[in-house]
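# Structural characterization, general
Chain by chain, the residues run as shown.
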Amino acid sequence: NLFMFNNYAKQKGLKMNLINRQHIDEKHPFYNECQRLCVSSKMLRNVCLYNIRQFYFEHDKLYFPTVFKKKVEQEDGSVKVEDKPGNQYVFNYTYLYHLLKDHECFRTETHPELLFKTNTKVMKQMFIHVNREFSSWLMAMKSWGKTPDKFTGKPNMPYYSKKYFQTKFPKESISFTKEKGKAVLSMTNIVLDLPDFIGKDNICEVLICPEGKGFDI
């Protein structure tokens with residue numbers, strides 16, 4: 001049972017995350033808002049992928065040489081900023097943020113098809129996601145180059161989303177009302193009814209995922 005498994009996980013040093021799922025169908029009052037959020041996620045992801053893919057097709061690589069600023073502590077305790085040559089990957093989280101922080105797909109309130117404001121912490125999650133997608137693809141390509149017989153074919157580069165894409169609300173963008181078991185997603189009208197085992201201290205994140213003709217939260 002759950003109690004025995006939880007004790008086993010603690011003994012083995014394992015971390016167990018419990019999940020609560022709520023389905024939002026077309027008649028649900030939160031449906032339109034979930035739809036807008038997943039459309040905005042799709043748009044931002046596609047803009048990220050466009051910039052990364054175009055760079056790759058033009059240069060046959062996903063990085064360019066640059067000089068990073070590195071803080072080095074001196075013997076007297078002072079800090080000196082030194083130049084450190086290196087490679088800047090174009091799917092890096094920080095690079096994508098500075099590239100697209102003023103783009104209408106990030107500043108959704110300026111986009112003619114969206115015109116609603118989204119929490120920037122939520123939108124930044126897409127840069128993290130894209131970074132992980134391309135990091136995984138490069139690892140797969142490296143493995144494929146060494147042992148192609150373990151694959152059914154050459155790994156495909158991440159491709160554009162067609163209709164929707166998931167929206168992630170990190171812990172910092174989730175607030176709790178005075179009423180027990182109620183959580184609000186930042187800058188939305190979405191109020192979630194949570195079970196007893198999820199609270200302010202142990203909630204990790206909230207995902208809104210396209211599922212069938214609706215969405216799963």
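First, a word on scope: everything that follows refers to the structure included in this document.

Procedures and definitions
Residues take numbers from 1 onward in each chain, read along the sequence in its written order. It should be noted that, the model being predicted, local features are given only for residues of pLDDT at least 70 and side-chain atom pairs only at 80 or more, the latter also being counted only at that level, while totals for whole chains, interfaces and linings use all residues. Only heavy atoms go into the side-chain values, all of them from the structure, while hydrogens and water stay out. Strands are runs of DSSP state E lasting at least two residues, helices are runs of H or I lasting at least four, and both sets are numbered from the N terminus onward. In this scheme, a residue with accessible area under 20% of its type's maximum is buried, one over 50% is exposed, and one in between is partly exposed, where area comes from a 1.4 Å probe on protein chains only. Any two residues having at least one pair of non-hydrogen atoms within 4.5 Å are treated as being in contact. Accessible surface is estimated by sampling points in the Shrake-Rupley manner with a 1.4 Å probe; for residues, cover comes only from the protein chains shown. We score Asp and Glu as negative and Lys and Arg as positive, and we do not count His or the chain ends. Taken as the charge location is NZ of Lys, CZ of Arg, CG of Asp or CD of Glu. Centre distance within 6.5 Å is the pairing criterion for rings of Phe, Tyr and Trp, where only the six-membered ring of Trp is used; planes under 30 degrees apart are then read as stacked, over 60 as edge-to-face, and the remainder as tilted. Note on definitions: the grid is 1 Å and covers protein atoms alone; a cavity is a set of points where a 1.4 Å probe fits but cannot get out; a pocket is an open set with protein on both sides within 12 Å along at least five of seven lines; lining residues have an atom within 4 Å of a point. Grid points are joined across faces, edges and corners, and a volume is the space filled by probe spheres set on the points.

## Considerations on the overall build of the protein
In terms of regular secondary structure, the protein is built from four helices and nine strands. Walking the protein from its N terminus toward its C terminus, one meets helices and strands in the order α-β-α-β-β-α-α-β-β-β-β-β-β. Taking the principal axes of its C-alpha atoms as reference, the protein extends roughly 55 × 50 × 50 Å. Residues counted as buried form 33% of the 217 residues belonging to the protein. If you take every contact in the protein between residues at least 6 apart in sequence, the share linking residues at least 24 apart comes to 60%. Total accessible area on the protein stands at roughly 14500 Å², and carbon and sulfur atoms take up 51% of it. Considering the protein, the positive charge centre built from 34 side chains and the negative charge centre built from 24 side chains are found 3 Å apart.

## Comments concerning the packing of aromatic side chains
Tallied over the entire structure, the rule returns 15 aromatic pairs. On the numbers, 5.4 Å between centres and 50° between planes, the contact of Tyr-63 with Tyr-89 is tilted. Taken together, the residues Tyr-63 in strand E2 (residues 63–73) and Tyr-89 in strand E3 (residues 79–89) connect sequence positions 26 residues apart. Aromatic rings pair up to connect Tyr-56, Phe-57, Tyr-63, Tyr-89, Phe-91, Phe-134 and Trp-137 into one cluster.

## Comments concerning empty space enclosed by the protein
Tallied over the full model, the rule gives one cavity of 30 Å³ or more. Each pocket or cavity is described by its volume, and for the largest cavity that value is around 100 Å³. Lining the largest cavity are Ser-41, Leu-44, Val-122, Met-123, Gln-125, Met-126, His-129, Phe-165, Gln-166, Thr-167 and Lys-168. Among the secondary structure elements, those contributing two or more residues to the lining of the largest cavity are helix H2 (31–59), helix H4 (120–146) and strand E4 (167–170). Here the lining of the largest cavity takes five residues from H4, the largest share from any one element.

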